[in-house]
Amino acid sequence: MRIDVVSIFPSYFDGLTLSLLGKAQSAGILDLRVRDLRDWTFDRHRTVDDTPYGGGAGMVMKPEPWGLALDELAAGSPRPTIIFPSPAGEPFTQAAARDLATRKHLVFGCGRYEGIDERVFEYAQTLGEVRLVSLGDYVLNGGEVAAMAMIEAIGRLIPGVVGNPESLVEESHEDGLLEYPSYTKPALWRERSVPDILLSGNHGAIATWRREQQIERTRARRPDLLHGD
Ligand code: SAM
């Protein structure tokens, strides 16, 4: 998969050279390219923002650098999926990550200030599929942290990135429930013991117990998942 990221702070993404996604890039499974939006500006100050029409606080990202960036990154690519992280977007979920992991080419456009001139989203639709995606119901300073979270969630679903694909199947949100509790050695630690069932060797009983734990935990922490809210 190819992923292009456009940001005015490209070094945010240095962390994605580490761990599993770093290895995926070395192995040629993931082609991640991070670009500075200011490379598509031509004035002395490399300006990417201006005051909002209609007044109001803050600055808005100018459309011209975004148009040139998207033109260049979409060139030669059959309709990439262009993702703009936005608190006003559709919620990012595990299902969305699974869906996006099937794409050949993703482009992330990271907003800053009060966001990007609205016409950029309309224009981007002429180049590819456009998704405005929110990490959650809160406001970040920029799209970088949101894009990194999405790239990590999507990237680990690309075949070959996580060594044992079975470890992906039982995780939280894969079947609409939270994951069951996990334990490792020692069996007794600071007067707290591992549940007996996990030491029983009875795989059927362990599977049943884990399922019960998933349902109980989901009911306690995320009842909205059970009700399909
Ligand atoms: N004025 C915008 C609003 O009220 O919707 C918020 C702008 S925010 C300060 C700047 C940028 O951060 C946004 O353009 C977006 O790229 C990113 N951002 C902020 N919160 C986000 C969230 N919850 N999910 C995804 N991206 C977010």
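Now for a description of the structure that goes with this document. All of these numbers come straight from a predicted model, not from anything done at the bench.

**Notes on the overall build of the protein chain**
Counting its secondary structure elements, the protein chain contains 8 helices and 9 strands. Referenced to the eigenvectors of the C-alpha coordinate spread, the extents of the protein chain come out at roughly 70 × 40 × 35 Å. Within the protein chain, the fraction of its 229 residues that count as buried is 40%. For the protein chain, restricting intrachain contacts to residue pairs at least 6 apart in sequence, the fraction spanning at least 24 positions comes to 76%. Entry remark: accessible area of the protein chain is about 13400 Å², with carbon and sulfur atoms responsible for 52%. Put simply, the protein chain has 25 plus and 33 minus side-chain charges, and the middle of one group is 4 Å from the middle of the other.

**Regarding the site of the ligand**
Taken together, 18 residues lie around the ligand, and P85, E114, L135, Y138 and L140 are the ones closest in. Here a nitrogen atom of the ligand sits 2.9 Å away from a polar atom, N or O, in the main chain of L135. For the ligand, whose free accessible area comes to 580 Å², the fraction covered by protein is 82%. Those elements that provide at least two residues to the shell around the ligand are β5 (81-91) and β7 (129-134). In terms of residue count, β5 provides more of the shell around the ligand than any other element does, 3 residues in total. Here the residues of the shell around the ligand sort into 9 nonpolar, 8 polar and 1 charged.

**Re a nonpolar patch on the surface**
A contiguous nonpolar patch, built from F9, Y12, Y138, L140 and V145 and spanning about 440 Å² of accessible area, is present on the exposed surface. Mapped onto the elements, Y12 comes out in the loop between β1 (2-7) and α1 (19-26). What makes Y12 partly exposed here is its relative accessible area of 37%.

Rules and cut-offs
- Residues numbered from 1 in each chain as written.
- Predicted model: local features only at pLDDT ≥ 70, side-chain atom pairs only at ≥ 80, totals over all residues.
- Heavy atoms only, no water.
- Helix = DSSP H or I, 4+ residues; strand = E, 2+ residues; numbered from the N terminus.
- Buried < 20%, exposed > 50% of the residue type's maximum accessible area, 1.4 Å probe, protein only.
- Contact = heavy atoms within 4.5 Å.
- Areas by Shrake-Rupley, 256 points an atom, 1.4 Å probe, with all protein chains shown as cover.
- Lys, Arg positive; Asp, Glu negative; His and termini not counted.
- Charge placed at Lys NZ, Arg CZ, Asp CG, Glu CD.
- Near = heavy atom within 4 Å.
- Polar contact = N/O pair within 3.5 Å; in protein donor to acceptor, adjacent residues only side chain to side chain.
- Nonpolar A, V, L, I, M, F, W, Y, C, P; charged D, E, K, R; others polar.
- Patch = residues over 30% accessible without salt bridge, like charges linked within 9 Å, V, L, I, M, F, W, Y side chains within 5 Å.
- Salt bridge = Lys/Arg side-chain N within 4 Å of Asp/Glu carboxyl O.

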